[in-house]
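# Descriptive structure summary
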Amino acid sequence: MTVPPADDAAKKELPPPSYRSLAAPVATPVDKFALLPAFLKVRGLVKEHIDSFNYFTTRGIRNIVEANNRIEARNDPSIYLRYTNVYVGTPSVQVDYKIENITPHFCRLTDRTYSAPIRVDIEYTVGKQHEPQHKKNVLIGYLPIMLRSYACVLHGRDEAELARQGECPLDPGGYFIVKGTEKVILIQEQLSKNRIIIDTDSKGRVIASVTSSTHEIKSKTVITMDKEKIYLQLNQFTKPIPIIVVMKAMGMESDQEVVQMVGRDPRYGDLLFPSIQECASERIYTQQQALQYMDEKVTYPGAGNQKEGRSKSILRDVFIAHVPVKNGNFRQKCIYTGVMLRRMMDAILNADTFDDKDYVGNKRLELSGQLISLLFEDLFKTMNSQAVELMNKNSDKTRSSPSDFSQLIKHEAITSGLERAISTGNWDIKRFRMHRKGVSQVLSRLSYMASLGYMTRITPQFEKTRKTSGPRALQPSQWGMLCPCDTPEGEACGLTKNLALLTHVTTDQEEGPLMNLCKSLGVEDLTLLSGEEIHAPGSFLVMFNGLILGKHRQPQTFANAMRELRRSGKIGEFVSIFVNEKQHCIHIASDGGRVCRPLIIADKGISRVKECHMKELRDGIRSFDDFLRDGLIEYLDVNEENNALIALYEHVDQDDVERSSITHIEIEPLSILGVVSGLIPYPHHNQSPRNTYQCAMGKQAMGNIAYNQLFRADSLLYLLVYAQRPLLTTKTIELVGYDKLGAGQNATVAVMGYSGYDIEDAIVMNKSSLDRGFGRCIAMKKYTVMKENYGDGVSDRIAKPQRDKDGVLLRQNMRALDEDGIAAPGQIIRNHDVYVNKQSPKIVDRRGAGALLKDMDYKDSLAIYKGVDGETTVVDRVMLCSDTNEKLSIKCIIRHTRRPEVGDKFSSRHGQKGVCGTIVQQEDFPFSERGICPDLIMNPHGFPSRMTIGKMIELIGGKAGLSCGRFHYGSAFGEPSGNADKVEDISNTLIKHGFSYNGKDFLYSGILGHPLEAYIFMGPIYYQKLKHMVLDKMHARASGPRVLLTRQPTEGRSRDGGLRLGEMERDCLIAYGASMLIFERLLLSSDPYQVQVCRKCGLLGYYNYKLKTSYCSMCKNGENMAKMRLPYACKLLFQELQAMNVVPRLKLTEG
Amino acid sequence: MPKKGTKSKKAVDDVPDQQENKLPDYLELQRTRVVCNADAPIHTQGFQYSGAFAAMGVDNSVSVEKFCKNFKIDIKRLTEDDMEFDMIGVDASIANAFRRILIAEVPTMAIEKIFMADNTSVIADEVLSHRLGLIPLDADPRLFDYISENDVPNERNTIVFKLHVSCEKGSQRITVKSGELEWLPEGSQLSMASPAQSGDKQKTFTSFSQSQKEILEKPLGVKFKDITIARLGPGQAIELEAHAVKGVGKVHAKWSPVATAWYRMLPEVVILEQIEGEEAEELVKKCPVNVFDIEDLGNGGKRAVVAKPRACTLCRECVMGPCGEKIQLRRVRDHFIYTIESTGALPPEVLFTEAVKILEEKCERVISELS
Ligand code: SF4
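Residues numbered from 1 in each chain as written. Chains lettered and ligands numbered in written order. Predicted model: local features only at pLDDT ≥ 70, side-chain atom pairs only at ≥ 80, totals over all residues. Heavy atoms only, no water.

If you look chain B up in an unreviewed UniProt entry, it shows as DNA-directed RNA polymerase RpoA/D/Rpb3-type domain-containing protein from Panicum hallii var. hallii.

Named according to an unreviewed UniProt entry, chain A is DNA-directed RNA polymerase subunit beta originating from Panicum hallii var. hallii. In its Catalytic activity (unreviewed entry) section, the UniProt record describing chain A reads: "RNA(n) + a ribonucleoside 5'-triphosphate = RNA(n+1) + diphosphate". What the UniProt record of chain A gives under Subcellular location (unreviewed entry) is the line "Nucleus". (UniProt positions renumbered as here; feature names shortened; annotations may be inferred.)

Structure follows, in structure tokens:
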């Protein structure tokens, strides 16, 4: 390959090396940006979910069925059923024995599950002769289908077709629709399986642990170093077993062999010596003795294979379970244990070889496909075992004709099992003792960003309660894979993460061919080698998905050869080859759940992607996949990144980085951020927590949710009336479509103090702007009424609104009703109005009555709208549909258009939230020399402590954008590549259009008319209206409802409750000595109650209204009664105590 | 011809004449100019107190004679819907009063009530109504009365418009423009759905005693016919009646007769020290609105002069950098460049006279209250 002339020129005149020039591109940089949209076009925004689910429907489900493809009757194996094929059909629903194809939107509106039948071809025996029969297309269950996956009707549709299906083309898919609600299976983070992790435990001991996972079993093997001796810890043993005993039990009887297996370095021998000594002191020299010793330590000695000894089977099946034992040959396990020991000792000798559990390369992400396949496998097996069970029962009962299996396959189990798991989020898999909650969550449709954010979210493996800081900290290995900004605040901070823009999560790849390939590339099989040879200096162990495959004498050559094969497409693009110099290992991984990202390959620092390639891409001749296929771009996972030197841009030699050592070049620096943080302009100029706050707030912003937002039936929907596209955009915004579904408005902001109603981040708003539609929003709420069926033809009914003979409504609150008894769309509906005039039969159980119900047999069970008094709300839509139980459900969507009011929450895109402090007339607002009046005024004190420089740049950038008529960009780290406008250029534009370079204008006071004594920083900033609105929160009560039991005021706004005077408030009053106030608050305003107390026995009596005397039922007289007041809760307590045989007595004294 | 920028104060024609006793230059500057320094403007408020300079024998009071002598209005530009004029010789508070009245208190007609008969478009009823309300109407508000809550809508206080558009099934999407609002001079056509008095003449939502055509000289309508109200897809329709009433901008911005009205003080750019040669050229290039010009001094010498100070947008470029010291940006405190952008109901000059009338009324009210 020749060096392009441009580079020559660059080399000749070396610029002085500086810190800045690390990011400085070479003379003619290739505009690589176009790769990003190309990537997203091919893969979509939520490619990992869809890929994973596709893998399940195409391969995973097949593997599962194949692995369990034969079931047979227990007492007669010749009666069998064999699954010969399995496939997932198109989404459909069975209505009255008719199969109808369904679309996702239909399911959303009618509360159905968007699922497709799983069908199998079977071979089974019938009759006495057990003749094999074949049957095709047997239904074994319905599988909820992920939107936009292969099985989905939306797959590969263009915009017009999607529109016809009622879908929003910008909706990314990747979620399920179960019973009408959209559910996402969140990405689950896990520690990687089948890998050795060297760590220290809580007591500071060095441990090597492996979590093995095979199809049959999951086990955890831990080897600890305790007081210089090394032990094996396994749940199956009551006590730790000395590791030498284990080695002996596996047939490695000679100590020398063990030492050789670990390595010949005398330091290893020294560390191993105490363990060998311990073993010797136990007088264990042979395999027999070792096994015997271990047998005594087995947790449940009764069970298991008695013949060969319990411990041997544990060693074979549980101990590092993923390492196979072929024909009772434990050698592989011995080698594996040897490697574990060696790594432990390395760690002891050299502390920096410890593994980091938080290192992203040691993590695996479990996606919906894997989770569903776990569930499906479990359900499938259950279904089969149930069939076997039934068969056995049948054949026990009727010896005559054994029924055939095809009758016994019941599809309900899988259907309901899958549906239940996804709709509740509880993943219970008995085989692996897995009980996880909250795996799936309702997809938030609060804003477009919120739903995108859900799709990229990763839920943590640990409990959130742990106070540890380690897993919460930002890991350097997250670079480019996980978004550094997007994490929630509070308990899940740092644990819940989000994928970055370009991240891809791998799916499983077949292992067999890869293993063979490795062998043919010179990997030597270990079974032929002695311990001595294994650890020969210069040769590296080759680990394949955690298994030891063999060793290689020329590791670098091998790795290069493998990589070359990958680049040329001979092996899967997601196979990672990682040379670990420290551990003398080559790790080859093809397992699923690794995070990786695409990078441009560079040969000695020269990008393989050239301008000609980019031109082809722009012309549409080349797609992203072509770049992969031609070996211009490759995917690197976190581990392999360690072998690479990745430059941001092509550049010449630097003081510390030589150009020739660069192996890869980033596609775009902005891709280290995720989707949600990508909409922040100039995030790299902000203080980092501000970006994190914005990530949380961007999800609460009102705006447009989807193109089909007005046809959706969400239970709560907030829409902005005039949503705009941000004036200061980023490339990410364009990539994800936020410019089409914006959630905010460009407000002209003046940064100044005004009126004193702007302290503590409050903002002052211009009334005329609000009049003209700024911040106006629509809240739509869904109210569902079910028309119940009670059987026997008895059901609720919807009655006409009752009118008198003149046609005047009998009840005013029925004015919103149409003649059919359901609110009419477009009608204004107010608090306490009826929206469905439903009546229920008085007597539900009318068995045998038969006769038709008359009017008088019904009682009103009206659906009454509870709104805010004085607000005008409108019935938007009424939808009627029958649900899965054939019941009529009436959905009324009620719309409320609101204009901003004092107390509504607003925020810019820089984590600067504030409530509206006051609304001021336009004439009182300051105005500029050009007659521009700001829409809102923000207090400058918001800046110094927040350090949101990005917001300032957004302001001047927006202002420049307005004056020159071009959208300005503020992509993260985009200045060198031209994806963000530089402040200098912005300032020049401002000057050109007669503004001050710093964005400060000369303003006149609107109240007094004279100029303000400062130049005011003024310009447009994109403001978001957040969902928190005063109207939904304001609450006050004088007196109102009380709880039945205690007669105290109810709690909470929804029940019109009182405001609690709690302990701390009470303490204040006590300290202040306000005794009368305490008395009033705690008794008079709460639950005062008059009781009759017997002065003699101290118990409560009662007042006899007939005799007009009080009476003590204990003393059987009314002589010593006294009246007193106490809280009703107190009286209740006395009575409850009495019920428990405790006598509370009141001792009264004269007051 | 603008005067050449020389050292010290430049004479501006409209500086009010002094008494015999003159103020010292620096005070005179403070009194009559706002100085816009690079960091912040100073002397923004001026001297309000009449006796501020009494000790120096200078009278700072406001008097009618002085006002009459100095006050001047100079119209620079006048079109159908906007105008620019200079208002010279008043205090900022008075100029501002006119601005405030123009924005908030000069009445216009605007759609206030919508009777929605049918709306199957994607736009919600409330939003559609809001949009209709903001459409500027071509109706002289002086010909109408205010309507109060108990008033019956009649031809003197209500204008009725009808909007009835539908998009045929199978046709293209259509855009509903404001021009499709149809004026109903006879009043509402919708009958009240109140069956209380059956047999009566159809009762509508207005009670016009005569057609508005008879009392108005020209037909009413909307000012701009191309404002998008809504878009209709095939099969959708809008049918509604809109009632416009008189109101003021204080209540809702839709009644504001101006898009905006504002003023700026007359810029004055003063070159304090001669700027010559390279520096002069630099300065000329710096100013984005070409305030400066080059004057040839002969024998190749060049000097910067202020050519069009009025154009200065106060970007402060000229006062930054090396020669910044030599330039002072000022604003003349009693010279206002006033701009009124009318929304169309009344021409801008009429709006201004209306504003003056309103201020007059207010003054009269104060006087009558006081006496
Ligand atoms: S402030 Fe700006 S516009 Fe005004 S004269 Fe100076 S450079 Fe020109």
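## Structural notes on the overall build of chain B
Within chain B one finds 7 helices and 16 strands. Taken along its principal axes, the extent of the C-alpha atoms in chain B is 95 × 65 × 35 Å. Relative to all contacts within chain B whose residues are 6 or more apart in sequence, the contacts with residues 24 or more apart total 73%. By element, 50% of the accessible surface of chain B is carried by carbon and sulfur atoms, the whole surface being about 18,900 Å². Placing the 48 positive and 57 negative side-chain charges of chain B at their respective mean positions leaves the two points 3 Å apart. (Helix = DSSP H or I, 4+ residues; strand = E, 2+ residues; numbered from the N terminus. Contact = heavy atoms within 4.5 Å. Areas by Shrake-Rupley, 256 points an atom, 1.4 Å probe, with all protein chains shown as cover. Lys, Arg positive; Asp, Glu negative; His and termini not counted. Charge placed at Lys NZ, Arg CZ, Asp CG, Glu CD.)

## Some details on the interface of chain A and chain B
By a widespread convention, an interface's size corresponds to the accessible area lost as its parts come together. Taken together, the contacts link 48 residues of chain A with 45 residues of chain B. At the boundary of chain A with chain B, total buried surface from both sides reaches about 3,700 Å², with 53% on carbon and sulfur atoms. Counting the surface chain A buries against chain B, the share from its top three residues, A:E923, A:E929 and A:Y1015, is 18%. Inspection of the chain A/chain B interface yields 3 salt bridges. Taken together, chain A and chain B are joined by 25 residue pairs in polar contact (both at pLDDT 80 or more). Contributing elements (two or more residues each) for the side of chain A that touches chain B: α23 (767–771), β45 (888–898), β48 (927–928), α25 (983–992), β51 (1000–1004) and β52 (1011–1025) of chain A. (Buried area = accessible area lost by both parts, 1.4 Å probe. Salt bridge = Lys/Arg side-chain N within 4 Å of Asp/Glu carboxyl O. Polar contact = N/O pair within 3.5 Å; in protein donor to acceptor, adjacent residues only side chain to side chain.)

## Let's talk about the pairing of strand β8 (residues 181–185) of chain A
Residues and elements named next belong to chain A. For β8, the tally of buried residues reaches 4 of 5 residues, placing the bulk of the element in the interior. Bridge count between strand β7 (residues 176–178) and β8: 3 bridges; the pairing is antiparallel. Residue pairing across strands places V178 opposite T181, the latter belonging to β8. Here β7 folds back onto β8, and the loop between the two strands holds 2 residues, one of which, K179, carries a positive phi near 50°. (Buried < 20%, exposed > 50% of the residue type's maximum accessible area, 1.4 Å probe, protein only. Pairing = 2+ DSSP bridges.)

## Focus on the state of the cysteines
All names here are of chain B. This model, assessed by the stated rule, comprises 0 disulfides over all chains. As a non-bridged cysteine, C36 has C312 as the owner of its nearest cysteine sulfur, 7.9 Å distant. For C36, a relative accessible area of 1% gives the class buried. (Disulfide = S-S within 2.5 Å.)

## With respect to the sheet that holds strand β35 (residues 777–787) of chain A
The strands making up a sheet associate through backbone hydrogen bonding, with each pair oriented either parallel or antiparallel. Residue and element names in this part refer to chain A. Spatial strand order, β31-β35-β45-β44-β39: 5 strands in an open sheet with antiparallel pairing. Since the sheet does not close on itself, it has two edges, and those belong to β31 (716–720) and β39 (828–829), each with one partner. Strand direction decides the pairing type here: β31 and β35, joined by 5 bridges, are antiparallel. Residue pairing across strands places L719 opposite I778, the latter belonging to β35.

## Comments concerning the site of the ligand
As a structural note, the neighbourhood of the ligand is formed by B:C287, B:V289, B:V291, B:F292, B:C312, B:T313, B:L314, B:C315, B:R316, B:E317, B:C318 and B:L329. Split into classes, the residues belonging to the shell around the ligand amount to 9 nonpolar, 1 polar and 2 charged. (Near = heavy atom within 4 Å. Nonpolar A, V, L, I, M, F, W, Y, C, P; charged D, E, K, R; others polar.)

## Regarding the nonpolar core
Residue and element names in this part refer to chain A. Counting residues in hydrophobic clusters, the biggest one holds 160 residues, and the most contacted among them are I372, F376 and W427. Counting residues per element, this core draws most heavily on helix α12 (residues 368–397), at 11 residues. The contacts of F376, once residues within four sequence positions are left out, are F56, I61, I64, V65, I118, I140 and I414. If you look at the next biggest cluster of nonpolar residues, it comprises 58 residues, including I198, L341, I534 and I548. (Core = buried A, V, L, I, M, F, W, Y, C linked by side-chain atoms within 4.5 Å.)

## Examining the pairing of strand β7 (residues 159–166) of chain B
Residues and elements named next belong to chain B. Taken together, the 8 bridges between β7 and strand β12 (residues 237–247) define a ladder with antiparallel strand orientation. When the bridges of β12 are listed, V165 appears paired with I238. Two strands pair when backbone bridges link them, and β7 and strand β9 (residues 182–183) are joined in this way by 2 bridges, in the antiparallel orientation. Pairing of K162 across the sheet is with E182, part of β9.

## A word on the side chain of A:T503
Residues and elements named next belong to chain A. Along the chain, the position of T503 falls in the loop between β20 (497–498) and β21 (504–505). At 3.2 Å, the side chain of T503 and the backbone nitrogen of A500 are in polar contact. Setting aside residues no more than four positions away along its own chain, T503 makes contact with K47, E48, G480, M481, V595 and C596.

## Concerning the domain arrangement of chain B
Residues and elements named next belong to chain B. For chain B, the assigned domains are domain 1 (37–106 + 257–371) and domain 2 (108–194 + 204–256). A separation of 40 Å is found between the C-alpha centroids of domain 1 and domain 2. Carbon and sulfur atoms supply 50% of the area that domain 1 and domain 2 bury against each other, a total of about 1,100 Å² over both sides. Contact with domain 2 buries area across many residues of domain 1, yet T343, A345 and L346 alone supply 34% of it, more than any other trio. Counting the contacts that link domain 1 with domain 2 gives 3 salt bridges. When the shortest N-O distance is used, the salt bridge between K250 and E105 registers 3.8 Å. Counting the contacts that link domain 1 with domain 2 gives 5 residue pairs in polar contact (both at pLDDT 80 or more). Of all elements in the fold, only α3 (92–104) and α7 (348–370) reach the threshold of two or more residues within the side of domain 1 that touches domain 2. Here the side of domain 1 that touches domain 2 gets 3 residues from one element, more than from any other, and that element is α3. (Domains from an automatic or database assignment.)

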